[in-house]
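Working through the structure, step by step
Single-letter residue listing:
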Amino acid sequence: MPKHAANAPRGASPESSPESPSDERIGLTEAFAPVGAERPGHSDEEGRIGLTEAFAPVGGAHAEGFSYRGDNEGEYPDALESLEPAPEPSLLYDDGASAASAGEKRGRHGKRQGASKQPLPPHLRKSRRMRRILIAVVVLLVLLIGALGYLTWRLLGESQTLATQQAQQQQSSQEVDAMHEEDTKDAATATTKKTEVPNLAGVLGLTRDEAVEKLRHGATVTSEKEVSEEGSAVKTNVTIALTDEPADTRSGTPTVYLGLDEGGRTIQAGYSAATASLGYGSLSFVDAVENEGIVEKTLEEAGVSVPAGSAVLPEDKAAYSTYASDGTTLVEEKCSFSGTVELDGVAHEWSSVLLYNYATANTSGNLADTIRMIYVYVNA
């Protein structure tokens, strides 16, 4: 624009300009006139624009990236809102699920509140199932190992206990065998005789009361039982304790046994006592029979004289020996002897039983606890 045009008087008309009467120049006032005001010399058809339209971006007032907020604010979005990034759709779920998730409220740590639990994919379910199976297998293995360890511990303990018992039993058996072999030592340990054997032959043919009176030594009837055994001549058994005689701590008081017939007469008489009470001490079973003649001597005192050597042990020790389940521990030695003898020209049958019981001695480990008993009988 020429300088003189800028300095033209305010309100001068462009037609009065000496430079170019035909130029469509406007003055400063018209340039900043309000939008919609008519400019002199121009019509509406010439496309007048105001200041706002002059700075509008190319493409119109409703071009993308900028918009004018008219009277209805909700009709045109704000330019700042249009610059915000749009939420990206979910890659795992459909658009509906993404839209629902986008509208949920978030907590202070960004977690969705009220979101429904989605089903696990097949491979995750399979992995979880395999993990549970592996855990169960591990637990079973641990339990099995614990059970095996407990059983092993029990077996070791039982084997040690069994070995100890076998050692003790073997030692006890060796002690018993040693006692059997030491005849000289057994004889040296003989004790003093404490009781007398009653005269059994003298009570034969007597009634019960007559026999009690003749036996003396505090003879007391302790039991009387009828015998119902078919073919037996003995119909009543009477047990008499000799209470005036010293009692043995293991076998008790010396005792007399009477067998009565139907008429109440004694047809059988017997006697039992501890071998220690008779003065035989800690003799071995073999020594007591073969060397000391305990059977013959006891019968002699009972009024029944039998020849020496009448009592003979079997050659096989197993015939009169009883062992525990281990086959080595001796539990009992018992042997019966019998024969016939003449008394006043009449033949009488005699019998005897020698008994050694080692049960208590095996338990205590002391051979002195062995129960040694002798029984002698004579029949009319």
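Refer to the structure presented above.
Since the model is a prediction, treat every value here as computed from it, not as a measurement. (Residues numbered from 1 in each chain as written. Predicted model: local features only at pLDDT ≥ 70, side-chain atom pairs only at ≥ 80, totals over all residues. Heavy atoms only, no water.)

Some words on the overall build of the protein chain
Helix and strand content of the protein chain: 11 helices and eight strands. Relative to its 380 residues, the protein chain shows a buried fraction of 25%. A fraction of 51% describes how many contacts in the protein chain between residues 6 or more apart in sequence connect residues 24 or more apart. For the protein chain, the exposed area adds up to about 25900 Å²; of that, 54% sits on carbon and sulfur atoms. (Helix = DSSP H or I, 4+ residues; strand = E, 2+ residues; numbered from the N terminus. Buried < 20%, exposed > 50% of the residue type's maximum accessible area, 1.4 Å probe, protein only. Contact = heavy atoms within 4.5 Å. Areas by Shrake-Rupley, 256 points an atom, 1.4 Å probe, with all protein chains shown as cover.)

Some details on unusual backbone geometry
Unusually for a residue other than glycine, Arg-216 sits at a positive phi of about 55°. For Arg-216, the position within the fold is in the loop between α8 (208-215) and β1 (219-226). For Arg-216, a relative accessible area of 58% translates into the label exposed. Even without being a glycine, His-217 presents a positive backbone phi close to 55°.

Regarding the packing of aromatic side chains
Across all of its chains, the model carries five aromatic pairs by this definition. Each ring, one from Tyr-150 and one from Trp-153, has its centre 6.1 Å from the other, and the planes form 35°; the classification is tilted. Taken as a pair, Tyr-150 and Trp-153 lie in helix α6 (residues 122-181) at a separation of three residues, close to a single helical turn. Look at Trp-153 and you get exposed, because its relative accessible area is 59%. Between Phe-285 and Tyr-320, the aromatic rings sit 5.4 Å apart at their centres with planes inclined by 20°, giving stacked as the arrangement. Residue Phe-285 is located in helix α9 (residues 285-291), and its partner Tyr-320 is located in the loop between α10 (294-301) and β5 (321-323); the two are separated by 35 residues in the primary sequence. As far as the burial class goes, Phe-285 and Tyr-320 line up, both buried. The structure contains a cluster of three or more aromatic residues connected by ring pairs, namely Phe-285, Tyr-320, Tyr-356 and Tyr-358. (Phe/Tyr/Trp six-rings, centres within 6.5 Å; stacked < 30°, edge-to-face > 60°.)

Topic: the pattern of salt bridges
Scanning the entire structure with this criterion turns up six salt bridges. For the salt bridge of Glu-158 with Arg-154, the shortest nitrogen-to-oxygen distance reads 3.6 Å. Within this pair, Glu-158 and its partner Arg-154 are both found in helix α6, separated by four residues, close to a single helical turn. For Glu-158, a relative accessible area of 45% corresponds to the partly exposed category. With a relative accessible area of 37%, Arg-154 lands in the partly exposed category. We note a salt bridge from Lys-193 to Glu-301, for which the minimum N-O separation is 2.7 Å. Separated by 108 residues along the polypeptide, Lys-193 in the loop between α7 (183-188) and α8 and Glu-301 in helix α10 bring together distant segments of the chain. By relative accessible area, Glu-301 is classed as partly exposed at 31%. (Salt bridge = Lys/Arg side-chain N within 4 Å of Asp/Glu carboxyl O.)

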